[in-house]
Amino acid sequence: MKILQLHEILSPIKGEVIKEGPPVNLKKVITQKKKLQKGTLLFCLDRNLGKTDIQKPFPPCVIITDRPQKLKNITGDATIVKVDNIKGAYHRFLLFHRKSFEVPIIAITGTSGKTTTKEMIKHILSERHNVKATLGNYNLFRSNASVLANFEEKTDFGVFEFGVGKTGNLDKCSKYFGPYSALITGIGSDHIERFGSPEKYRDEKLKILNGVGEDGIIILNADCPNTVEAVHKMNITPIWFGTGNNADYRAEDIHFSAQGMEFTLIFKDTGYPVLIPGLGVHTVYNALAALAAAHSHGIELQSAIRRLKTFRPLKRHLEVKKGIKGATLIDDTWNTNSSSVHAALSVLKEVSNDRHSIAVLGKISELGFEEKAEHKKIARMVIENQPSTLITIGKTASTIGKEAIRLGMNAENIHMCEKPEDAFSLIQKLAGPEAIILVKTSMRESFRGFLKKLKA
């Protein structure tokens, strides 16, 4: 973070010093006591700070708390600052800290592709710039706030992935992280159970636009009907990416290769050959979004394309591994929604050729009243992509199998298993050097043991 002195933050956080230690340069902001060291600024968001935490002498640091009685017996060189409400004080600090930097931030949301797109942008920018970004897929406010709180004087860019765990998340992100440029990868069906309807979920995603600054850029998916329909009446001029003629960054001649996905990027009537490690047309969309974001923030387009060649696909995102009995295993178990299921099935179809293709599908969570309809929609995707064998796991996912039978798939090639153990026993019989197995489930479900047994 930018080195701070205590007197700089006392007024913004509305704090009062009740125990004064020696002067200290504040170099890092934390919210967990276990990370405390010399020069840290600790906001005691952890409500369980107890007697065992204060037995050892504290190093020179500053501790912000709304429960000073918990710290009355501490020893050492800590400065204690009392505030009325610790969460409010932390949020006021974030506002103060954000205003201390003119660092451009790129904020990303969407139903799928957020993490990969964020990592691609980070990878491109970090070749020549110092980038602070969301860690992995920890995209909720508190995790991102800890990254923002530790912006440094040498920070050139911030790249954040915003999730919508509940109503109001993006309002909060807009307030504390803005002004920024916004990128929406696409808006499909996810977390409907939490929002009540697809329309309310879509509107929640669009709240990311509230944090766009006067000089901010909006980057949207021209091939996403929900996005196009929603922004049609808005007074904005976004940058579009996609495969149609209305896209500013357009992909043509998309095809699979031994190295990954290849396509031609068309920008202002000029074509650029692009190669991205990773499988699937959805990966092309992620790359288009990343290239649009980087280029619109000053990165030369050919340089960004060259850099993207060295991007490494994320774990458990269509990750190809050696499977049991010589089979090829495609692990796509990081998360699941209808958009990512469609992408995974398309990849299975493209890479299997004449091999025995096995699609193993689990349920999609948090769909609410749309649950049955969404799983039936996945059955249509199965029919479209024609895997040799369909295996579903769990009662909810069995809707996919039943609907696939109704739509004409041979029932002998459909197996609706109650548990992962049943699916594994079946795959043991079907696996071999000519088999390619896609496992598409969510990290929310307990399939790690199942996957471990499927590996060679």
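The structure under discussion appears in the preceding block.
Once a new chain begins, its residue numbering starts again from 1 and follows that chain's sequence as written. Selection of residues for local features in this predicted model requires a pLDDT of at least 70, selection of side-chain atom pairs for listing and counting requires 80 or more, and totals for whole chains, interfaces and linings are taken over all residues. Note: side-chain values were computed over all heavy atoms of the structure, leaving out hydrogens and water.

Student: Looking at this structure, I do not really get the overall build of the protein. What am I missing?
Tutor: Strands are runs of DSSP state E lasting at least 2 residues, helices are runs of H or I lasting at least 4, and numbering of each runs from the N terminus. Scanning the protein from N- to C-terminus turns up 15 helices and 20 strands. With the principal axes as the frame, the protein shows a C-alpha extent of 75 × 55 × 40 Å. Counting the 456 residues in the protein, one finds 55% classified as buried. Contacts are assigned to residue pairs with any non-hydrogen atoms lying within 4.5 Å of each other. For the protein, restricting intrachain contacts to residue pairs at least 6 apart in sequence, the fraction spanning at least 24 positions comes to 63%. Total accessible area on the protein is roughly 21,000 Å²; 47% of this is exposed by carbon and sulfur atoms. Under this rule, positive means Lys or Arg and negative means Asp or Glu; His and the chain ends count for nothing. Note on charges: their place is set at NZ of Lys, CZ of Arg, CG of Asp or CD of Glu. Treating the 65 positive side-chain charges of the protein as one cloud and the 48 negative ones as another, the clouds have centres 8 Å apart. Exposed residues in this analysis have more than 50% of their type's maximum accessible area, buried residues have under 20%, and partly exposed residues fall in between, with area computed by a 1.4 Å probe over protein chains only. Working definition of accessibility: Shrake-Rupley area with a 1.4 Å probe, residue cover restricted to the visible protein chains.

Student: How should I be thinking about the environment of L329 in this particular structure?
Tutor: With respect to the element layout, L329 can be found in strand β16 (residues 328-331). Judged by relative accessible area, which is 1%, L329 ranks as buried. Separated by 107 residues in sequence, L329 and I436 place their C-alpha atoms 5.9 Å apart. What L329 contacts, discounting residues up to four positions off in sequence, is E319, V320, K321, G323, I437, V439, L451, L454 and K455.

Student: What am I meant to see in empty space enclosed by the protein here?
Tutor: Cavity means a closed set of points on a 1 Å grid over the protein atoms alone, one where a 1.4 Å probe fits but cannot get out, pocket means an open set with protein on both sides within 12 Å along at least 5 of 7 lines, and lining means a residue has an atom within 4 Å of a point. Grid points are joined across faces, edges and corners, and a volume is the space filled by probe spheres set on the points. Summed over all chains, the structure comprises two cavities of 30 Å³ or more. Here the second largest cavity is characterised by a volume of approximately 30 Å³. Forming the boundary of the second largest cavity are L345, L348, K349, S352, S357, N385, Q386 and P387. If you tally residues by element for the lining of the second largest cavity, the top one is helix α11 (residues 338-352), at four residues.

Student: What am I meant to see in the pattern of salt bridges here?
Tutor: As a working rule, side chains carrying opposite charge can pair if their charged atoms are close by. Think of a salt bridge as a Lys or Arg side-chain nitrogen and an Asp or Glu carboxyl oxygen that are within 4 Å of each other. Per the stated rule, a full pass over the model turns up 12 salt bridges. The shortest N-O distance in the salt bridge between D332 and K440 comes to 2.9 Å. Linking D332 in the loop between β16 and α11 with K440 in strand β20 (residues 435-440), this pair joins segments that are 108 residues apart in sequence. Residue K440 is classed as buried on the basis of its relative accessible area, which comes to 2%. One salt bridge in this structure joins R406 and E403, with 2.8 Å as the shortest N-O distance.

Student: What's the story with the sheet that holds strand β15 (residues 319-322) in this structure? I'm lost.
Tutor: Note on sheets: strands pair through backbone hydrogen bonds, and any given pair is parallel or antiparallel. Pairing is mixed in the open sheet, where six strands are placed in the order β15-β16-β20-β17-β18-β19. Of all the strands in the sheet, just β15 and β19 (414-417) have a single pairing partner and so form its edges. The mean angle between the axes of side-by-side strands here comes to 20 degrees, regardless of whether they run parallel or antiparallel. A strand pair is defined by DSSP finding two or more bridges across the two strands. Sheet topology note: the β15/β16 ladder contains four bridges and is antiparallel. From the neighbouring strand, E319 faces β16, where its bridge partner is D331. Angles run from 0 to 180 degrees between N-to-C directions of axes, and those axes are lines fitted to C-alpha atoms, restricted for helices to the stretch in contact.

Student: I would appreciate a short explanation of the pairing of strand β11 (residues 239-242) in the present structure.
Tutor: Along any regular strand the residues' side chains alternate between the sheet's two faces. Alternating residues of β11 divide into I239 and F241 and W240 and G242, and every residue in both groups is buried. Bridge analysis of strand β10 (residues 218-221) against β11 gives three bridges, and the strand direction is parallel. Looking across to β11, one finds that I219 is bridged to I239. The β-α-β motif built from β10, the intervening helix α8 (residues 225-231) and the parallel element β11 has right-handed crossover chirality. For β11 and strand β12 (residues 249-256), the ladder comprises two bridges, and the chain directions are parallel. From the neighbouring strand, F241 faces β12, where its bridge partner is Y249. Looking down the strands as they point away from you, a crossover is right-handed if its path from the first strand over the helix to the second goes clockwise.

Student: Teacher, can you tell me more about the layout of surface pockets here?
Tutor: Put simply, the second largest pocket is a space of about 450 Å³. Lining the second largest pocket are 17 residues; nearest its centre among them are K35, L135, S143, S146 and V147. Looking at the lining of the second largest pocket, the elements that each hand over two or more residues are β2 (28-30), β7 (131-133) and α4 (141-149). For the lining of the second largest pocket, the leading source of residues is α4, giving four residues. As a working rule, the residues Ala, Val, Leu, Ile, Met, Phe, Trp, Tyr, Cys and Pro are called nonpolar, Asp, Glu, Lys and Arg charged, and the rest polar, with Gly in that last group. Its residues assigned to classes, the lining of the second largest pocket comprises seven nonpolar, five polar and five charged.

Student: Is there a simple way to think about the packing of helix α3 (residues 114-125) against helix α10 (residues 301-308) in this case?
Tutor: For any two helices packed against each other, the geometry comes down to the angle between their axes and how far apart the axes lie. Two numbers describe how α3 lies on α10: the axes approach to 9 Å, and their chain directions differ by 115 degrees. Judged by the angle between their axes, α3 and α10 are roughly perpendicular. Crossing of α3 over α10 shows right-handed handedness. Contacts between α3 and α10 involve M120, H123 and I124 on the former and, on the latter, A304, R307 and L308. Taken together, the residues of the contact of α3 with α10 break down into four nonpolar, one polar and one charged. In this scheme, roughly parallel covers angles under 35 degrees and roughly antiparallel covers those over 145, while 65 to 115 is roughly perpendicular and the rest are oblique. In a left-handed crossing the near helix is turned counterclockwise from the far helix by less than a right angle, and in a right-handed crossing that turn is clockwise.

Student: Can you walk me through the side chain of T283 in this structure?
Tutor: In this structure, T283 sits in helix α9 (residues 281-296). Look past the residues within four positions of T283 in its chain and what remains in contact with it is M120, M261, I276, P277 and G278.

Student: Mind showing me how you'd approach helix α12 (residues 371-385) here?
Tutor: For an α-helix, the turn length of 3.6 residues means that residues three or four places apart are oriented alike. Helices are assigned an expected span. That span is 1.5 Å times one less than the residue count. End to end, α12 covers 21 Å across 15 residues, agreeing with the expected 21 Å (1.5 Å per residue, within 8%). Taken residue by residue, α12 has E374, H375, I378, A379, M381, V382 and N385 as its buried positions. Down the axis, α12 shows its buried residues gathered within 160 degrees of arc, on one side only. Directly beyond the C-terminal end of α12, a positive phi value near 50 degrees is found at Q386. When we speak of the arc, we mean the arc of directions from the helix axis to the C-beta atoms.

Student: Just to check I follow, could you spell out the packing of aromatic side chains for this structure?
Tutor: Aromatic rings in a pair are described by how distant their centres are and how their planes are angled relative to each other. Only the six-membered ring of Trp is used, alongside the rings of Phe and Tyr, when aromatic pairs are assigned; centres must lie within 6.5 Å, and planes under 30 degrees apart are stacked while those over 60 apart are edge-to-face, with the rest tilted. What the rule picks out here adds up to 12 aromatic pairs. Seen from their ring centres, F151 and F160 are 6.1 Å apart, and the 25 degrees between their planes marks the pair as stacked. The two residues F151 and F160 agree in class, both being buried. Residue F160 is classed as buried on the basis of its relative accessible area, which comes to 0%. An aromatic cluster is built from F101, F141, F151, F160, F162, Y176, F177 and Y180, whose rings are joined through pairwise contacts. The cationic tip of K172 hangs over the ring face of F141; the distance from NZ or CZ to the ring centre is 4.5 Å. Whether a charge sits over a ring depends on NZ of Lys or CZ of Arg being within 6 Å of the ring centre and within 35 degrees of the ring normal. Lying across the ring of F424, K453 places its NZ or CZ 4.7 Å from the centre.

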